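Inside the fold
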Amino acid sequence: MKKTGLLVLLAALCIVLPSCRRMAEKTREKIRVEAVERVERQGFSGIEVVVRVVNDTRYRLLLERASFDLYAGANCVCGAVLAEPAEVARRTTASVATQWRLRIVDPLALYALVRRVRRNDLEQVNVSFSVEGHGGPASVNFSREKMPLSEFLNIFDLDLRELKNYFE
């Protein structure tokens, strides 16, 4: 009897799991970052980034923790950490101001990296990032290690010209 009950439970899970995956994919399609509207320095070690976010879900989105590191070759040049949580109300399109603390690991390497970006040389420039938050009852945790900078910019629909403007 126990064995039969276990088999029924496993069969039910096999039926339910694919539908949960489809539901998660549909929810992901309803959430997107439309644009980076503004980037402003806040003193020596902070920046404010304002992004326009679309949340067509019935859940409030909460970004609890996020960080990224910028690499030139194998060396970490600088990074940023989300200073305070950010949220987007349900079924809305909103401009969300996020506060970040900057960390410069190697100032000379950062200067060299800025020069590379100005020359359109993104060959060995990579980004590692991690994000933690909630979308309603589901927690959201994802990260990538040493993703090419051009792919990272595509996530936010940015191009190299806009990145150069932020470095000015």
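Shown above is the structure to which this text applies.
Residues numbered from 1 in each chain as written. Predicted model: local features only at pLDDT ≥ 70, side-chain atom pairs only at ≥ 80, totals over all residues. Heavy atoms only, no water.

Summing up its helical and strand segments, the protein has 4 helices and 8 strands in all. Going residue by residue from the N terminus, the α and β elements of the protein occur as α-β-β-β-β-β-β-α-β-β-α-α. Counting contacts in the protein only where the partners sit at least 6 residues apart, residues at least 24 apart contribute 58% of the total. In the structure as shown, the protein presents an accessible area of about 11,400 Å², 56% of it carried by carbon and sulfur atoms. (Helix = DSSP H or I, 4+ residues; strand = E, 2+ residues; numbered from the N terminus. Contact = heavy atoms within 4.5 Å. Areas by Shrake-Rupley, 256 points an atom, 1.4 Å probe, with all protein chains shown as cover.)

Positioned with a positive phi, Arg 91 is a non-glycine residue whose angle comes to about 45 degrees. Following the sequence through the fold, Arg 91 ends up in the loop between β5 (86-88) and β6 (92-104). On the basis of relative accessibility, which here comes to 55%, the residue Arg 91 falls in the exposed class. Although it is not a glycine, Lys 146 adopts a positive phi angle of roughly 45 degrees. Residue placement: Lys 146 occurs in strand β8 (residues 138-148). (Buried < 20%, exposed > 50% of the residue type's maximum accessible area, 1.4 Å probe, protein only.)

The end-to-end C-alpha distance of helix α2 (residues 107-118) is 17 Å, a good match for the 16 Å that 12 residues give at a rise of 1.5 Å each. Taken together, the buried positions of α2 are occupied by Leu 110, Leu 113, Val 114, Arg 116 and Val 117. Here the buried residues of α2 occupy an arc of 160 degrees about the axis, which is enough to place them on one side. The exposed set on the far side of α2, more than 90 degrees from its buried face, consists of Leu 108 and Tyr 111. Residue Asn 120 follows α2 closely and has a positive phi angle near 65 degrees. (Expected span 1.5 Å × (residues − 1). Arc of directions from axis to C-beta.)

With that settled, the discussion passes to the nonpolar core. Membership of the largest hydrophobic core comes to 31 residues, with the highest contact counts inside it found for Leu 70, Trp 100, Leu 113 and Leu 149. Elements supplying a minimum of two residues to this core: β2 (46-55), β3 (61-72), β4 (75-82), β5, β6, α2, β7 (125-135) and α3 (149-155). (Core = buried A, V, L, I, M, F, W, Y, C linked by side-chain atoms within 4.5 Å.)

Attention now goes to the side chain of Ser 128. If you trace the backbone, Ser 128 turns up in strand β7. A polar contact of 3.4 Å, which involves the side chain of Ser 128, links it to the side chain of Glu 145. Apart from residues lying up to four places away in sequence, Ser 128 is in contact with Ser 67, Phe 68, Asp 69, Tyr 71, Arg 144, Glu 145 and Lys 146. (Polar contact = N/O pair within 3.5 Å; in protein donor to acceptor, adjacent residues only side chain to side chain.)

The subject of this paragraph is the pairing of β6. When β2 meets β6, the two strands line up antiparallel, connected through 10 bridges. Paired with Val 53 across the bridge in β6 is Ala 94. In this sheet, β6 lies alongside β4 in antiparallel orientation, the contact comprising 5 bridges. Pairing of Leu 82 across the sheet is with Trp 100, part of β6. (Pairing = 2+ DSSP bridges.)

All we've got here are geometric facts, nothing functional implied.
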